[in-house]
Structure formats: structure tokens, C-alpha cells
Amino acid sequence: MARHDLLINGATIVNAWGRQVADVLVDGESISGIVKPGTGASARRTIDADGRVLLPGLVDTHCHHRDPGFTHKEDATTATRAAAAGGVTTTFAMPNVSPPPKDTATLASMIDHYRRVAVVDWNINAAATDPDQIEPLARMGIAGFKIYMVADTGRDYPHMPGLGVHDHGELLRIFRLVERTGLPLMVHVHDQSIMDVIEQSYWDRGERDYRAYARAYAEHDGIVWEAALAVVLRIQQSIGTRLHVLHTQTEGMVDQIRAAKAQGRDVTSEINPWALFLGNDWDTVERLGSYALSFWVPPKHADSLWGGMRDGTIDLVATDHAPHLAEEKEPGWEDGWAAHTGTPSLEFYGPLLLDAARSGLMTLEDVVRLTSTRPAEVFGLRRKGRIEAGRDADLVLVDPDRSWVISDDRVHSKCGWTPYAGRRVVGAIDTTILRGQVVYDDGEVTAEPGSGRMATPS
Ligand code: DOR
Ligand code: ZN
């Protein structure tokens with residue numbers, strides 16, 4: 001009988017379409033078979049799943065690695081180590097780094113760097129801000145482009161000058177050019193001129209703390225997000241670009257996306273963990289101030305967001321992992337606009353979602369669809385996203401019953417803290433396997449820099 005490289009014995013394998021108890025066989029970098037338990041396959045290495053759950057490796061298409069330029073917060077190695085610890089086997093870097101990957105020379109040097117230092121598979125979302133560079137960038141193996149419609153006021157990071165695109169004609173030009181590449185265009189929707197007026201009214205009243213910041217972004221039921229989304233959806237309708245909406249967080253956004261999808265348009269969307277587990281609770285905002293902001297998501301939106309995830313209007317969960325140092329968050333108690341915005345989540349969103357599944361908010365199959373299968377499909381990663389013969393052996397062994405408390409001392413991210421500290425969750429990541437190799441096991445990242453490879457669309 002053939003001797004396989006790896007056998008995972010008796011796991012409950014969960015795919016987006018259902019679950020089964022089976023043995024998984026791995027040869028080289030790929031899954032070579034899924035067989036009835038105890039069929040007698042022999043392997044060089046065996047992992048006994050003992051009733052645990054096996055998921056396809058998480059694919060996080062929106063992650064701030066901060067490399068190059070802001071490596072005091074995070075770098076490509078620490079981000080991809082944190083990914084391994086979180087069950088994430090593919091992570092896409094975001095372009096608000098310095099210099100930003102908006103031209104081929106900069107992207108080429110980032111790719112070269114990632115080849116040497118990344119621990120899990122990766123790609124880099126290029127900035128679509130230079131019209132002449134869009135087509136050549138698309139030929140370098142990227143999976144998508146990113147546009148920010150936001151500009152920082154009161155701080156100069158994470159939305160630094162030159163990165164934001166506010167002008168609607170400029171957006172139209174970019175949508176046309178990206179459409180020709182066939183790649184998705186990720187858009188952080190945000191109406192800067194509406195925000196300028198909202199912010200000014202808070203400042204005129206002398207309101208500048210983290211509470212004012214939280215309320216300003218949620219003002220008029222999320223008009224800042226929804227007005228911008230209406231514009232980009234209208235542009236998408238005419239141009240046909242594959243639009244991927246980032247930061248879905250209001251009922252109105254879900255409704256707009258659902259209507260566009262009902263017309264059969266090429267529109268997909270993400271939600272981020274902070275909208276589900278952090279900024280959704282005012283008590284948490286009061287307790288943690290800017291450490292809990294990303295954005296405040298008033299509770300009235302919750303049913304729409306969970307419903308949108310269950311019915312597929314929201315295609316995927318991506319972390320928007322936004323590591324900042326504590327000293328960059330601390331000013332937010334006095335001045336919410338001075339604190340660097342965003343929250344880290346890469347290592348803990350898997351367990352938070354497992355816990356949500358356990359409490360009945362969705363099924364484990366939904367978790368797999370949202371964290372692995374759909375992200376792989378939306379960005380064309382044909383070797384990722386499913387536990388099935390022929391795919392990459394990217395696997396996460398999970399203990400669905402273990403109750404544990406998230407804490408800062410488990411953080412692999414360079415920022416060294418998590419806004420989820422103190423939370424008890426049921427569901428833990430035991431082992432992460434990348435293309436057949438164990439990259440994380442029992443609290444330790446076991447892979448070396450350079451084990452990751454560029455995950456390109458096909
Ligand atoms: O809150 C955010 N933080 N939103 C973004 O768009 C960027 C992110 C970051 O880079 O920290
Ligand atoms: Zn982001």
C-alpha cells in the first residue's frame with residue numbers, strides 16, 4: 001500500500017457545503033485523498049484528530065502588515081506568524097505602507113521581500129492610484145486592487161496624504177482601467193466631504209474625544225459609508241468592474257449590496273470582526289476608548305449584518321487586522337482623531353467566529369464559507385478554500401469544545417495587545433498546516449520565514 005506523507009485521522013471535516021468524519025491524506029503540498037476512517041492508509045506522519053474538527057485554512061484578503069514603512073507596528077514576518085497562529089494560511093497585505101505598491105518597481109521589491117520573510121502564503125493588494133500603472137501591476141500576479149476614499153484629518157496615518165481618491169471622475173477612470181484587468185477592485189467607501197461637515201460640527205461643540213469620534217462616523221445612520229457606496233455602485237453598474245466592498249457595517253450597506261446582487265452584478269463584500277465583536281457594543285467602546293475603534297457599529301445594524309452573512313449578501317469575513325502601538329491609541333481618550341484608527345484581530349477572529357457558531361448565530365459551514373471558501377473564490381485562488389483532493393493541504397485542526405480566555409500574552413502580532421483580551425471563547429486553534437507542513441502547533445509557530453509563497457489567482 002502506498003505510503004503517504006501525512007495522515008490526519010478521524011477528524012470531522014467541515015466544508016462550506018457540509019461535514020463528514022473521514023481521514024485526510026496528504027502527499028507533497030496537496031490533499032491526495034479523503035477516505036473512510038481507518039481504511040488502513042499508512043503515512044510517514046500521522047496526526048490523530050480525536051474527534052476534533054478540521055477546517056480549510058483561513059484566507060484573509062484584507063490585512064495590514066505595515067511592511068515597508070511602519071514596521072514598528074508589524075512586519076511581514078510578524079504578521080504572517082500571527083496568521084499561522086490564527087489558522088490563516090493565506091493573507092493579503094494592504095497598500096497603506098510606505099512606499100505604497102502603486103507602481104511595478106515598488107510592488108516588485110515588496111514581492112521579493114515577502115518571498116524571503118513570509119511564514120504563510122500571501123499576496124499584496126496594489127493601490128490603484130496611478131492610472132498608468134494599473135495594467136502592468138495586474139500582470140504581476142496580484143489578486144486585486146485597493147482604493148481608499150478616506151483621508152485622515154487630525155493624524156497622518158493610516159490614511160496618509162496621496163492615498164485617498166475622492167473625486168468621482170477619478171473613480172470612474174480607475175473603475176474603467178481596473179475593469180480591463182479583470183481583477184476585483186476593493187473599495188473602502190467613505191464620503192470625505194460629508195465627513196468634513198460632520199466632524200466640524202463635533203469640533204465646533206468642543207467634542208473631540210473617542211466618544212465623539214465613534215459617534216461622528218455613525219452619524220445619520222452611517223451616511224458617510226452609504227452615500228459613498230451609492231456612488232461606487234452606480235459607477236460599477238455602468239462599467240462592470242468587479243467591485244469588492246470593504247467594511248460592510250450598516251443595514252443600509254447590506255441593503256444596497258443585496259439589491260446590486262439581485263440584478264446579477266459583479267459585486268461582492270466583506271465584513272470585519274470589529275463590526276461583529278467589538279465596535280458593536282457601546283460598553284466596550286467606553287471601556288477601551290480608541291483601542292476598540294475601528295468604528296462604532298450601533299446595535300440596530302446587528303440583525304442585518306448577521307443575516308447578510310448567513311444569506312451570502314456579505315461574501316466573506318476579512319480581518320482588517322490593524323496593528324497600532326498602545327502609544328498610538330492612547331491619545332484617543334482626549335482626541336479620537338489623533339489616535340491611529342483600526343484594531344488588530346488576525347489571531348482571534350477564527351475562535352470568535354467558532355464561538356459565534358456554537359452560540360447558534362451561524363453554522364460551522366457558514367464559518368468555513370465566509371473565512372475560506374468565498375475569499376478564495378472571490379479572488380480566484382483555485383487551490384485554496386476547500387478540503388478536497390487536489391487542493392493545497394492548507395488545514396486547521398480545531399478543538400471546538402475548549403473554553404479559554406483571550407489574553408495579551410498569546411499575541412504574536414508585533415503590536416503586543418488585543419482588544420479582545422479578557423474574553424472567554426469556546427473553540428481553539430490547535431494546529432495549522434500550510435501545503436502539508438505544520439506551521440503552528442500548540443501555541444508555537446513552527447515555520448521559518450520564507451515558507452510562505454505568493455498565492456496567485458488562476
Ligand atoms: O480603521 C482602519 N484602519 N481603517 C482602514 O481603512 C485602515 C486601517 C489601518 O491601516 O490601520
Ligand atoms: Zn483596512
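Residues numbered from 1 in each chain as written. Chains lettered and ligands numbered in written order. Predicted model: local features only at pLDDT ≥ 70, side-chain atom pairs only at ≥ 80, totals over all residues. Heavy atoms only, no water.

### Details of the overall build of the protein
Working step 1: Check the secondary structure of the protein and you find 13 helices and 18 strands.
Working step 2: Counting only C-alpha atoms and orienting by the principal axes, one finds that the protein spans roughly 75 × 45 × 40 Å.
Working step 3: A burial count over the protein gives 62% of its 458 residues as buried.
Working step 4: In the protein, once contacts between residues fewer than 6 apart in sequence are set aside, the share between residues at least 24 apart is 75%.
Working step 5: For the protein, the exposed area adds up to about 16100 Å²; of that, 48% sits on carbon and sulfur atoms.
Working step 6: When the 46 basic and 63 acidic side-chain charges of the protein are each reduced to a single mean position, those positions are 5 Å apart. (Helix = DSSP H or I, 4+ residues; strand = E, 2+ residues; numbered from the N terminus. Buried < 20%, exposed > 50% of the residue type's maximum accessible area, 1.4 Å probe, protein only. Contact = heavy atoms within 4.5 Å. Areas by Shrake-Rupley, 256 points an atom, 1.4 Å probe, with all protein chains shown as cover. Lys, Arg positive; Asp, Glu negative; His and termini not counted. Charge placed at Lys NZ, Arg CZ, Asp CG, Glu CD.)

### Details of the coordination of the zinc ion (ligand 2)
The textbook angles at a metal center are 109.5 degrees for a tetrahedron of four donors and 90 or 180 degrees for an octahedron of six.
Working step 1: Around the zinc ion (ligand 2), the protein contributes the donor atoms His-62 (NE2), His-64 (NE2) and Asp-320 (OD), at 2.1 Å from the metal centre.
Working step 2: The sequence pattern formed by the donor residues of the zinc ion (ligand 2) is H-x1-H-x255-D. Linking His-64 in the loop between β6 (58–63) and α1 (76–85) with Asp-320 in the loop between β14 (316–317) and α11 (326–329), this pair joins segments that are 256 residues apart in sequence. (Donors = N, O, S within 2.8 Å, 3.2 Å for Na, K, Ca; no water.)

### Concerning the sheet that holds strand β13 (residues 267–271)
Working step 1: Spatially, the six strands line up as an open sheet ordered β9-β10-β11-β12-β13-β14, and their pairing is parallel. Every other strand in the sheet has two partners, leaving β9 (126–127) and β14 as the edge strands with one partner each.
Working step 2: Direction of pairing for β9 relative to strand β10 (residues 145–148): parallel, over a ladder of two bridges. Looking across to β10, one finds that Ala-127 is bridged to Lys-146.
Working step 3: Its contacts with the sheet put helix α7 (residues 251–262) on β12 (243–245) and β13, and the angle it makes with β13 is roughly 150°. (Pairing = 2+ DSSP bridges. Axes fitted to C-alpha atoms, helices over the stretch in contact; angles between N-to-C directions.)

### Details of helix α6 (residues 210–239)
Working step 1: Of all the bends in α6, the greatest measures close to 90° and is centred on His-220.
Working step 2: Phi turns positive, to about 85°, at Gly-240, one or two residues after α6. (Bend = angle between axes of the 7 residues up to and from the residue.)

### Observations concerning the pairing of strand β7 (residues 88–93)
The side chains of a regular strand alternate, first on one face of the sheet and then on the other.
Working step 1: The buried fraction of β7 amounts to six of the six residues, a majority that puts the element mostly inside the structure.
Working step 2: For β6 and β7, the ladder comprises four bridges, and the chain directions are parallel. Residue pairing across strands places Asp-60 opposite Thr-91, the latter belonging to β7.
Working step 3: For the crossover from β6 across α1 to β7, the handedness is right-handed.
Working step 4: Examined bridge by bridge, β7 and strand β8 (residues 121–124) share four bridges and lie parallel to one another. By the bridge assignment for β8, Phe-92 is matched with Asn-123.
Working step 5: With respect to chirality, the unit in which β7 leads through helix α2 (residues 104–117) into the neighbouring parallel β8 is right-handed. (Right-handed = clockwise from strand over helix to strand, strands pointing away.)

### Considerations on the site of ligand 1
Working step 1: Near ligand 1 the following residues occur: His-64, Arg-66, Asn-96, Tyr-148, Pro-158, His-159, His-188, His-247, Ala-322, His-324, Thr-341 and Gly-342.
Working step 2: A distance of 2.8 Å separates an oxygen atom of ligand 1 from a polar side-chain atom of Arg-66.
Working step 3: Each residue belonging to the shell around ligand 1 can be placed in one class, and the counts come to three nonpolar, eight polar and one charged. (Near = heavy atom within 4 Å. Polar contact = N/O pair within 3.5 Å; in protein donor to acceptor, adjacent residues only side chain to side chain. Nonpolar A, V, L, I, M, F, W, Y, C, P; charged D, E, K, R; others polar.)

### Examining the sheet that holds β8
Working step 1: Here three strands make up an open sheet; going across it, the order is β6-β7-β8 and the pairing parallel. The open sheet has two edge strands, β6 and β8, and neither has a second partner. Within this sheet the neighbouring strands show an average axis-to-axis angle of 15°, counted without direction.

### Quick look at the pattern of salt bridges
Working step 1: As enumerated under the stated definition, the model contains 33 salt bridges in all.
Working step 2: A salt bridge links Glu-328 to Lys-73, with the shortest nitrogen-to-oxygen separation between them at 2.9 Å. Of this pair, Glu-328 sits in helix α11 while Lys-73 is found in the loop between β6 and α1, placing the two residues 255 residues apart along the sequence. (Salt bridge = Lys/Arg side-chain N within 4 Å of Asp/Glu carboxyl O.)

### Remarks on the environment of Val-425
Working step 1: Here Val-425 is to be found in strand β16 (residues 424–434).
Working step 2: Judged by relative accessible area, which is 1%, Val-425 ranks as buried.
Working step 3: It is 6.8 Å that separates the C-alpha atoms of Val-425 and Pro-351, two residues lying 74 residues apart in sequence.
Working step 4: Sequence-distant contacts of Val-425, that is, excluding residues within four places in its chain, are made with Pro-351, Leu-352, Asp-355, Arg-402, Ser-403, Trp-404 and Ile-406.

### Focus: the state of the cysteines
Working step 1: Throughout the structure, instances matching the rule amount to zero disulfides.
Working step 2: Left unpaired, Cys-63 is separated from the closest cysteine sulfur, that of Cys-415, by 11 Å.
Working step 3: For Cys-63, a relative accessible area of 0% translates into the label buried.
Working step 4: Exposure remark for Cys-415: the relative accessible area of 9% places this residue in the buried category. (Disulfide = S-S within 2.5 Å.)

### Details of helix α4 (residues 168–181)
Working step 1: The end-to-end C-alpha distance of α4, which contains 14 residues, comes to 20 Å, matching closely the 20 Å that a straight helix rising 1.5 Å per residue would cover.
Working step 2: Among all positions in α4, only Leu-171, Ile-174, Phe-175 and Val-178 are buried. The arc enclosing the buried residues of α4, seen along the axis, measures out at 105°, which places them on a common side.
Working step 3: On the buried face of α4, the contacting elements are α3 (134–138), β10, β11 (185–188), α6 and β12.
Working step 4: For α4, the N-terminal capping position is held by Asp-167, with its side-chain oxygen 3.1 Å away from the main-chain nitrogen of Gly-169. (Expected span 1.5 Å × (residues − 1). Arc of directions from axis to C-beta.)

### As for the packing of aromatic side chains
Working step 1: Summed over the entire model, instances satisfying the criterion amount to 16 aromatic pairs.
Working step 2: Centroid distance Tyr-210 to Trp-333: 5.2 Å. Interplanar angle 80°. Geometry classified as edge-to-face. Taken together, the positions of Tyr-210 in helix α6 and Trp-333 in the loop between α11 and α12 (349–358) put the pair 123 residues apart, joining distant regions of the chain.
Working step 3: Using a relative accessible area of 5% as the deciding quantity, one classes Tyr-210 as buried. (Phe/Tyr/Trp six-rings, centres within 6.5 Å; stacked < 30°, edge-to-face > 60°.)

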